[in-house]
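A structural walkthrough
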Amino acid sequence: MGEHGACFALWIYTLHTGEGMEQHQEPGMLVDRLYWCGGCNISLLSALSYALDWLLYIILIVVAAFWSTVSTPRKSDFSIEDVSILHYYKSESETYAPLWYLLVMIILVPLIMIIVCSLWYLKDRGKLRKLWDMHMAILGSTGCVASQFFVVVIVKNTAAVPRPDLVSRCIVDYLLVDSTNTMINDSYCLQTDLRVLNDGFRSFPSGHSSTIFASQTFLALFLFGKIGFTASEYFSWKLVLSVLYPLTIALKISFSRISDNRHKIADVLVGDLIGLSFGIFFYYLYFSNPFTEVKSLAFPPRKFEITKKFDDCYKITISSYNIDATDDTTEEGKYTESIDDTPTNLETMQQFLKMGHYTMPHRGKRSITVPHNRPRSIFQAPNDTKF
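Residues numbered from 1 in each chain as written. Predicted model: local features only at pLDDT ≥ 70, side-chain atom pairs only at ≥ 80, totals over all residues. Heavy atoms only, no water.

**Some details on the overall build of the protein**
Our working rule: Only runs of H or I of at least four residues qualify as helices and only runs of E of at least two qualify as strands under DSSP, and these elements are numbered from the N terminus. Here's how the labels work: a residue is buried when its accessible area is under 20% of the maximum for its type, exposed when over 50%, partly exposed in between, all with a 1.4 Å probe on protein chains only. Here a residue-residue contact requires only that any non-hydrogen atoms of the pair lie within 4.5 Å.
Along the protein, the regular secondary structure elements total 10 helices and 10 strands. Relative to its full complement of 387 residues, the protein shows a buried share of 44%. A separation of at least 24 residues holds for 70% of the contacts in the protein among residues at least 6 apart in sequence.

**Some remarks on the side chain of Asp-267**
The condition that has to hold: In this tally, Lys and Arg are treated as positive and Asp and Glu as negative; His is ignored, and so are the chain termini. Put simply, a salt bridge is a Lys or Arg side-chain nitrogen that is within 4 Å of an Asp or Glu carboxyl oxygen. In protein, a polar contact means a hydrogen-donor-capable atom and an acceptor-capable atom, both N or O and within 3.5 Å, with residues adjacent in sequence counting only if both atoms are side-chain atoms; elsewhere, any N or O pair within 3.5 Å suffices.
One can find Asp-267 in helix α9 (residues 265-286). There is no salt bridge for the buried Asp-267, and the closest opposite charge comes from Lys-264, which lies 6.2 Å off by N-O distance. At 3.0 Å, the side chain of Asp-267 and the backbone nitrogen of Lys-264 are in polar contact. When neighbours within four sequence positions are excluded, Asp-267 is seen to be in contact with Ser-203, Phe-204, Pro-205 and Ser-206.

**Quick notes on helix α4 (residues 127-159)**
Rules: An expected span of 1.5 Å times one less than the residue number is assigned to each helix.
Under the 1.5 Å per step criterion, the end-to-end length of α4 is 48 Å for 33 residues, consistent within 8% with the ideal 48 Å. Where α4 terminates, the next one or two residues include Ala-160, which has phi positive at roughly 55°.

**Some remarks on the packing of helix α3 (residues 99-121) against α4**
Definition in use: Lines are fitted to the C-alpha atoms to define the axes, a helix being fitted only along its stretch in contact, and any angle between axes, read from their N-to-C directions, falls within 0 to 180 degrees. Roughly parallel covers angles under 35 degrees, roughly antiparallel covers those over 145, roughly perpendicular covers 65 to 115, and oblique covers all other angles. Here a crossing is taken to be left-handed if its near helix is turned anticlockwise relative to the far helix by less than a right angle, and right-handed if that turn runs clockwise. Classes in brief: Ala, Val, Leu, Ile, Met, Phe, Trp, Tyr, Cys and Pro nonpolar; Asp, Glu, Lys and Arg charged; the others, Gly included, polar.
Where α3 contacts α4, the axes come no closer than 9 Å and their chain directions differ by 155°. Relative to α4, the element α3 is oriented roughly antiparallel. Along this stretch, α3 crosses α4, giving a crossing that reads as right-handed. Residues Ile-106, Leu-111, Ile-114, Ile-115, Ser-118 and Leu-119 of α3 form the contact with α4, whose participating residues are Lys-130, Asp-133, Met-134, Ala-137, Ile-138 and Val-145. The class makeup of the residues in the contact of α3 with α4 is nine nonpolar, one polar and two charged.

**Side note on the packing of aromatic side chains**
This is how the line gets drawn: Only the six-membered ring of Trp is used, alongside the rings of Phe and Tyr, when aromatic pairs are assigned; centres must lie within 6.5 Å, and planes under 30 degrees apart are stacked while those over 60 apart are edge-to-face, with the rest tilted.
Throughout the structure, instances matching the rule amount to 13 aromatic pairs. Aromatic side chains Tyr-57 and Phe-282 sit 5.9 Å apart centroid to centroid with 70° between the ring planes, which places their arrangement in the edge-to-face category. Of the two residues, Tyr-57 is situated in helix α2 (residues 44-69) and Phe-282 in helix α9; the sequence distance between them amounts to 225 residues. By the burial criterion, Tyr-57 is buried, and Phe-282 matches it. Seen from their ring centres, Phe-281 and Phe-282 are 5.4 Å apart, and the 85° between their planes marks the pair as edge-to-face. Look at Phe-282 and you get buried, because its relative accessible area is 5%.

**Quick word on a nonpolar patch on the surface**
Rules: Surface patches are defined over residues having more than 30% relative accessible area and no salt bridge, joining like charges when they lie within 9 Å and nonpolar side chains (Val, Leu, Ile, Met, Phe, Trp, Tyr) when within 5 Å. Note that accessible areas follow from Shrake-Rupley with a 1.4 Å probe, and for residues the cover is restricted to the protein chains shown.
A contiguous nonpolar surface patch, about 550 Å² in accessible area, is contributed by Leu-99, Leu-103, Ile-107, Leu-108, Ile-112 and Val-116. The class of Leu-108 is partly exposed, set by a relative accessible area of 44%.

**Thoughts on the packing of helix α7 (residues 207-227) against α9**
Where α7 contacts α9, the axes come no closer than 7 Å and their chain directions differ by 40°. The handedness of the crossing between α7 and α9 comes out as right-handed. Listed contacts from α9 to Ser-209, Ser-210, Phe-213, Ala-214, Thr-217, Phe-218, Leu-221, Phe-222 and Gly-225 of α7 are Val-268, Gly-271, Asp-272, Ile-274, Gly-275, Leu-276, Gly-279, Ile-280, Phe-282 and Tyr-283. When its residues are assigned to classes, the contact of α7 with α9 shows 11 nonpolar, seven polar and one charged.

**A closer look at the pattern of salt bridges**
The final tally for this structure, using the stated rule, is 10 salt bridges. A salt bridge links Asp-165 to Arg-262, with the shortest nitrogen-to-oxygen separation between them at 3.5 Å. Taken as a pair, Asp-165 in the loop between α4 and α5 (166-170) and Arg-262 in the loop between α8 (237-259) and α9 lie far apart in primary sequence, 97 residues in all. The buried category is assigned to Asp-165, whose relative accessible area is 0%. Taking relative accessible area as the criterion, Arg-262 reaches 3% and is therefore assigned buried.

**Notes on the nonpolar core**
Just so we agree on the cut-off: Nonpolar core, defined: a set of buried Ala, Val, Leu, Ile, Met, Phe, Trp, Tyr and Cys residues in which side-chain atoms within 4.5 Å join the residues together.
Met-136, Ile-212, Phe-222 and Phe-287 are the most contacted members of the largest nonpolar core, which has 39 residues in total. Counting only elements with at least two residues in this core, the list comes to α2, α3, α4, α7, α8 and α9. Considering every element that reaches this core, the biggest residue donor is α7, with nine residues. Those residues in contact with Ile-212 that lie beyond four places of it in its chain are Leu-102, Met-105, Ile-106, Ile-249, Ala-250, Ile-253 and Ser-254.

**With respect to the environment of Ala-214**
Mapped onto the elements of the fold, Ala-214 is located in helix α7. The exposure class of Ala-214 is buried, given its relative accessible area of 0%. It is 8.0 Å that separates the C-alpha atoms of Ala-214 and Asp-272, two residues lying 58 residues apart in sequence. Once residues within four sequence positions are removed from consideration, Ala-214 is found in contact with Cys-144, Gln-148, Gly-275, Leu-276 and Gly-279.

**Section: α9**
In plain terms, the rule: What the arc covers is the set of directions going from the helix axis to the C-beta atoms.
Here α9 is 22 residues long and its end C-alpha atoms lie 32 Å apart, about the 32 Å a rise of 1.5 Å per residue gives. Looking at α9, one finds that the buried residues are Asp-267, Val-268, Gly-271, Asp-272, Ile-274, Gly-275, Gly-279, Phe-282, Tyr-283 and Tyr-286. Each buried residue of α9 sits inside an arc of 165° when the element is viewed along its axis, so together they form one side. Exposed residues on α9 whose side chains face more than 90 degrees from its buried face are Ile-265 and Leu-273.

In structure tokens form, the structure reads like this:
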């Protein structure tokens, strides 16, 4: 392919030349434009990258929902003398956790807790940080639920493990059963509702268990990372809210599937393990480690820088924006920058001023408002700066 095969023509550069892209200080470097929206500066390329995340997760949910309701799963033989599948069939409304209840516990309740927790425990942070952590928590929670849902549905439809209530669902026509061979298949069933019959072969693993454990594991890590507690507080309300509450909800819903005759204990345990794994993975995908002394925060937004290699070919460099050092304040594009300005002693202060640094070892902080187009990094101190 040669040298030209190592790069590609970027369509978005053509769409936004001179309008959506800005010339960087370095020759040949292009960065995407920041657009003012809702009191915040929004990066076009960054927004598109996260829109792709949302689109992927929505597609996974739609495809998995189709496979779990409309498609026909593989079916296996079963014995009418197998006592493990002779349990009574309960309708969805008779179960402990019907679908509507599961949706409330994985969507509405986590959403409220994420918003309240972000506003309260990040009250010393800027508006952009609060909104960003809310967005990433909702995105991560959606991602872990969607991904595990997709995986579980594939396994369910392929494994074709009978549910504990399969014989009750089937309504066996015993006139066709050979007394010398009790192994039958779905052709012996009188059940006319194919949705009920097909669902009887989707026992392994438990979808309710994996879904609620994925959602509550992610929520527990989010709450733990924001609230935090030390070893001396292991009996405090913080433990109840961040760990015991999500764990209790997850255990009640998952193990209720056994008493509802929907799953065997192995189905539930494997579902719990799948949900737990996806919840942990997606939290660490979007957030920092929650088991530290500092608050666990969402990783900053992706930043795309495009370097022109030669005609119509560009190299993309991905880094991140620093949303903690800035906070948009006005529509003119100003932002607030935290400046550490309390040196340990006068001698240290003078030494740093001689070096030309504006940022010094500190114990306290203050904020100043500066033009938006000023570089957001350590900069040279003006000659008339006073501390």
